[in-house]
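Remarks on the overall topology
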Amino acid sequence: MIVYDALGRRIELTAPPQRIVSLVPSMTEWLFSVGAGDRVIGITDYCIEPAAALQHLPRLRGTKNPDRAAILALKPDLIIAEQEENRERDVNALSAAGLQVYVTAIRSVADAAAQLAALAEVLDVVAAATPLTDALQQVLLDPPLPTYRVLAMIWRDPWMAIGRDTYAGDLLRLSGCRNVAEVLPGRYPRAALADFLALEPEVILLPSEPYPFGERDKLALLEAGARCRIEFCDGMALTWPGPRTPAAIAAFRRMFWGVYEPTHPLT
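Residues numbered from 1 in each chain as written. Predicted model: local features only at pLDDT ≥ 70, side-chain atom pairs only at ≥ 80, totals over all residues. Heavy atoms only, no water.

**Let's talk about the pattern of salt bridges**
Throughout the structure, instances matching the rule amount to 11 salt bridges. Here E29 makes a salt bridge to R244, at a shortest N to O gap of 2.4 Å. With E29 in helix α1 (residues 25-33) and R244 in the loop between α10 (235-239) and α11 (245-257), this pair connects stretches of sequence that are 215 residues apart. Three or more residues joined by partner-sharing salt bridges are found here, namely R68, R87 and D90. (Salt bridge = Lys/Arg side-chain N within 4 Å of Asp/Glu carboxyl O. Helix = DSSP H or I, 4+ residues; strand = E, 2+ residues; numbered from the N terminus.)

**Focus: the pairing of strand β7 (residues 148-155)**
By the bridge criterion, 3 bridges tie β7 to strand β9 (residues 177-179) in an arrangement that is parallel. Its bridge partner being in β9, Y148 is matched across the sheet by C177. In this structure, β7 lies alongside strand β10 (residues 203-207), joined through 3 bridges in parallel fashion. If you follow L151 over to β10, its bridge partner there is I204. Relative to strand β8 (residues 160-161), β7 is paired through 2 bridges, and the arrangement is antiparallel. Counterpart to W155 in the pairing with β8 is M160. (Pairing = 2+ DSSP bridges.)

**A few points about helix α5 (residues 109-123)**
In a regular helix each residue adds 1.5 Å, so 15 residues correspond to 21 Å; α5 covers 21 Å between its end C-alpha atoms and thus fits that length. Those residues of α5 that fall on the buried side of the exposure criterion are V109, A112, A113, Q115, L116, L119, A120, V122 and L123. After α5 finishes, the residue D124 shows a positive phi value of roughly 60 degrees. (Expected span 1.5 Å × (residues − 1). Buried < 20%, exposed > 50% of the residue type's maximum accessible area, 1.4 Å probe, protein only.)

**Some words on the sheet that holds strand β6 (residues 101-104)**
Read from one edge to the other, the open sheet built from 4 strands follows the order β4-β3-β5-β6, with strand pairing classed as parallel. Each of the sheet's edge strands pairs with one partner strand only, and the pair in question is β4 (40-42) and β6. Going from strand to strand, the sheet's axes swing by 35 degrees on average, the running direction of each strand aside. Against the sheet, α5 contacts β3 (20-22), β5 (78-82) and β6, and its axis sits at roughly 160 degrees relative to β6. (Axes fitted to C-alpha atoms, helices over the stretch in contact; angles between N-to-C directions. Contact = heavy atoms within 4.5 Å.)

**Considering the state of the cysteines**
Evaluation of the coordinates by the stated rule reveals 0 disulfides. You can see C233 has no disulfide; the closest cysteine sulfur is in C177, sitting 10 Å from it. A relative accessible area of 9% means that C233 is categorised as buried. (Disulfide = S-S within 2.5 Å.)

**Notes on the side chain of R39**
Relative to the elements of secondary structure, R39 occurs in the loop between α1 and β4. No salt bridge is formed by the buried R39. Its closest oppositely charged neighbour is D38, at 4.6 Å. Contact partners of R39, with chain neighbours within four places excluded, come to P16, P17, Q18, R19, I20, L123, D124 and V125. (Lys, Arg positive; Asp, Glu negative; His and termini not counted.)

See below:
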């Protein structure tokens, strides 16, 4: 069986994979949500959901420094990676060692719907994956107008924000936000706080991950001159595509709109 991943890379499989290494925390969660959890034989240190199901699985270091030797020793028939999360050098090295590596490249909610559906076919879990695929398609039908000017921070030291061409940025758009950092260069622009605040956001989001923002960061923003609404939010809801996406969009719509009733109700 010949399949192609999101980057157009050729993957050769003799059957639906039964020994899977996931190098992507959100994909690990998705695998368990579609009933493929019993095929997962290795995960990263940052794979934390579903917590109870992951306790016995080998940890293979981080997304940026996976233990290639340990992965080879597990003899997986498929490795799942993500273009944004994992390094090209690791993907190439694992492929050169004869392993099949399937790379996703999710930069929007529409990408999530299409690419998770494609991977479901590769794994032969289409029936189990269809409810989520349908829910992801549904949230694309009726987004509120992008009214609120939002700045979503993602890191400190240096300060970084969610920029253009990102899954999180698209999720905010579907939640009724105008991402003010899209005018800055790069997908995750770096700037001084004064430059970020000059974009005149109405709301600043401080997610719980990948950087664990807290009260001291809110204070830093206020001391730098922020005079807008500052909200803490769930970082996984903002940045993890997959089973939590529909609920995440519903939650962010409630955050910005109070009670929001879409024409096509979220499931």
